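Observations on the three-dimensional arrangement
Residues per chain, in single letters:
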Amino acid sequence: MAATARQQMIAMYEKAAALRLEAAAEADAAGQPETAAAHRQHAATNARAAAEAQGATR
């Protein structure tokens, strides 16, 4: 069964959040705390967007 556009959007936001968290860990390991913090903020924004798309907030 093909995923709906909404399911695809949710998956995209979730994947983006996971990638940002990975990037944050790499930035932490490289001694770049400001970059890591920015990646974590973007991850939170992506996670929030996924939750909103699922109807979990509002």
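Everything below is about the structure shown above.
Scope of this entry: the structure provided in the associated data block. Just so it is clear, the structure is predicted and the values come from calculations on it, not from any experiment. (Residues numbered from 1 in each chain as written. Predicted model: local features only at pLDDT ≥ 70, side-chain atom pairs only at ≥ 80, totals over all residues. Heavy atoms only, no water.)

Attention shifts here to the overall build of the chain. Helices and strands together make up the secondary structure of the chain, namely two helices and zero strands. In terms of C-alpha radius of gyration, the chain reaches 13 Å, well past the compact-globule figure of 10 Å for 58 residues. Overall, the C-alpha framework of the chain stretches about 45 × 25 × 10 Å when taken along its three principal axes. When burial is assessed residue by residue, the chain has 21% of its 58 residues classed as buried. Within the chain, contacts between residues separated by at least 24 positions form 53% of all contacts whose residues are at least 6 apart in sequence. Roughly 4200 Å² of accessible area belongs to the chain as shown, and the carbon and sulfur atoms make up 56% of that amount. (Helix = DSSP H or I, 4+ residues; strand = E, 2+ residues; numbered from the N terminus. Rg over C-alpha atoms; globule rule 2.2 N^0.38 Å. Buried < 20%, exposed > 50% of the residue type's maximum accessible area, 1.4 Å probe, protein only. Contact = heavy atoms within 4.5 Å. Areas by Shrake-Rupley, 256 points an atom, 1.4 Å probe, with all protein chains shown as cover.)

Turning our eyes to something else, we now look at the side chain of His39. Tracing the backbone shows His39 in helix α2 (residues 33-53). Every residue in contact with His39, bar those within four places of it in the chain, is listed here: Arg20, Ala23 and Ala24.

Within the element layout of this structure, Ala24 appears in helix α1 (residues 5-29). Separated by 19 residues in the primary sequence, Ala24 and Ala43 have C-alpha atoms spaced 9.0 Å apart.

The next subject is α1. Taking 1.5 Å as the rise per residue, α1 with 25 residues should run 36 Å; its terminal C-alpha atoms sit 36 Å apart, in good agreement. For α1, every residue scored as buried is listed here: Ile10, Ala17, Ala24 and Ala27. Buried residues along α1 sit against α2. Phi turns positive one or two residues past the end of α1, at Gly31, with a value near 75°. (Expected span 1.5 Å × (residues − 1).)

We now examine the side chain of Asn46. Positionally, Asn46 belongs in helix α2. Excluding anything up to four places from it in sequence, Asn46 contacts Tyr13, Ala16, Ala17 and Arg20.

Further remarks concern the pattern of salt bridges. In total, this model carries one salt bridge according to the counting rule given. A salt bridge links Asp28 to Arg40, with the shortest nitrogen-to-oxygen separation between them at 3.0 Å. Of this pair, Asp28 sits in helix α1 while Arg40 sits in helix α2; the two residues are 12 residues apart in sequence, bridging distant segments of the chain. Classification of Asp28 by relative accessible area gives partly exposed; the value is 39%. (Salt bridge = Lys/Arg side-chain N within 4 Å of Asp/Glu carboxyl O.)

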